[in-house]
Amino acid sequence: MNPPTLLFLLASPLLLASCASWPAPPVPEMIENSLGMKFVRVPAGKFLMGSDETPQALARDYPQYAAWRFAELADEAPVHRVRISRPFFLGQHEVTVGQFRQFVEASGHAPESVADGTGGYGYNPAHGLDASGRGDLFEGRDPKYSWRHPGFAQDDTHPVLNVTWNDAVAMSRWLSQKEGRRYRLPTEAEWEYACRAGSTSRYQGGNLPGSLLQIANTFDADAAPYWPALRAQAQPGSDGHAFTAPVGSFRPNAFGLHDMLGNAWEWTADWHADAYYAASPATDPPGPADGTVRVRRGGSWHTWALYSRCSYRNWNSAQTRYTLVGMRLLLEADSTERQSLKK
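Values in this document were obtained by computation on a predicted structure and should not be read as measured data.

A. Just the packing of aromatic side chains, in detail. By the definition in use, this model includes 26 aromatic pairs. The structure contains a cluster of three or more aromatic residues connected by ring pairs, namely Y121, Y123, F138, F152, F219, Y226, W227, F243, W301 and Y322. Positioned over the ring face of W271 is R294, at 3.6 Å from the centre of the ring. Across from the ring centre of Y277, 4.3 Å away, lies the NZ or CZ of R313, which sits over that ring.

In structure tokens, the structure reads:
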């Protein structure tokens, strides 16, 4: 057994210099596990979850989108106060290709994009916007696409894609058995609490979509040339990446977490229900008891600004594998750490 070790790391001087107009975040307390994954301490606390912005308010700041899109965001309401009663450690970064490879090779787990023979999805420049008959932007399912190959170049520092909810749970269970600590996916409430990190705005950098360029890898002028029909939806300006970026390429939030918005959608533990917020517990809401689809959060390298907000909810079946979807794991604090983290 290789237990995690506690360490303290300083933010990159180059990263801070590039964001000189932003206040420096505090130095996070972190644990590094046997795969080299770093987990940041997230304290217990309270926050306002969800969004009650009107379609009219959203239309003002997102004029490039059709009005019907704003009416489809009702599952973000009502805004409600949530208490996260226990501190936890959350992955500082999304799980990388290299870390997932270590898991696969050590555990023998066959990711679903490989195990069922149907493959995943990937970028193919010859694939037209409506080539699938569903208006899908990517080609698949196809066995040539998997977590190893999303249709564009990645190295071990990029977020792993084409992983299912079941793959994420399998990695969590394997790490738990290997290290004698409980790893799991965050609940939807834990995820949004960690994403906001004390903020009440749409993004950690404020309400304006343009603030995304400094904090997240989303659909912008770098990616737009690959999808000419979607240029109007692209965020003006450049974040420096047309596809995925190495994890940690953008400034962390106030908890020291990188890429909570953009780069890869992240699975959460919860089932999805449109009306869950109206009746959810005020303390540590676990999500609905059952359902048909699992919630994913945070947006991706191809996600429009409207759908990259902290409060936005999306969902897929547990077997879904896609070239935009990855994961971030949570490590529960043990009793000694919980007492230490309360001080």
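B. Focus on helix 7 (residues 188-196). Along helix 7, nine of the nine residues are buried, which leaves the element largely enclosed by surrounding structure. Taken together, the buried positions of helix 7 are occupied by E188, A189, E190, W191, E192, Y193, A194, C195 and R196. Phi turns positive one or two residues past the end of helix 7, at A197, with a value near 50°.

C. Structural view of empty space enclosed by the protein. Following the criterion strictly, the structure yields one cavity of 30 Å³ or more and no others. In this structure, the largest cavity encloses a volume near 40 Å³. For the largest cavity, the full set of lining residues is M49, H80, E188, A189, D270, Y276, Y277, S280 and P285. For the lining of the largest cavity, the class distribution of residues is five nonpolar, two polar and two charged.

D. Spotlight on the pairing of strand 3 (residues 38-42). Two elements, strand 2 (residues 29-32) and strand 3, share three bridges in a ladder whose sense is antiparallel. Bridging from a neighbouring strand, E32 pairs with K38 of strand 3.

E. Representation of the side chain of T96 within the structure. Within the secondary structure, T96 sits in the loop between strand 6 (88-91) and helix 4 (97-107). Among the polar contacts listed, one links the side chain of T96 to the backbone nitrogen of Q99, at a separation of 3.1 Å. Excluding anything up to four places from it in sequence, T96 contacts D156, T157, H158, P159, V160 and V247.

So, how was this worked out
Residues numbered from 1 in each chain as written. Predicted model: local features only at pLDDT ≥ 70, side-chain atom pairs only at ≥ 80, totals over all residues. Heavy atoms only, no water. Phe/Tyr/Trp six-rings, centres within 6.5 Å; stacked < 30°, edge-to-face > 60°. Lys NZ or Arg CZ within 6 Å of the ring centre and 35° of its normal. Buried < 20%, exposed > 50% of the residue type's maximum accessible area, 1.4 Å probe, protein only. Helix = DSSP H or I, 4+ residues; strand = E, 2+ residues; numbered from the N terminus. 1 Å grid on protein atoms, 1.4 Å probe; cavity = no way out; pocket = protein on both sides within 12 Å on 5 of 7 lines; lining within 4 Å. Points joined across faces, edges and corners; volume = space filled by probe spheres on them. Nonpolar A, V, L, I, M, F, W, Y, C, P; charged D, E, K, R; others polar. Pairing = 2+ DSSP bridges. Polar contact = N/O pair within 3.5 Å; in protein donor to acceptor, adjacent residues only side chain to side chain. Contact = heavy atoms within 4.5 Å.

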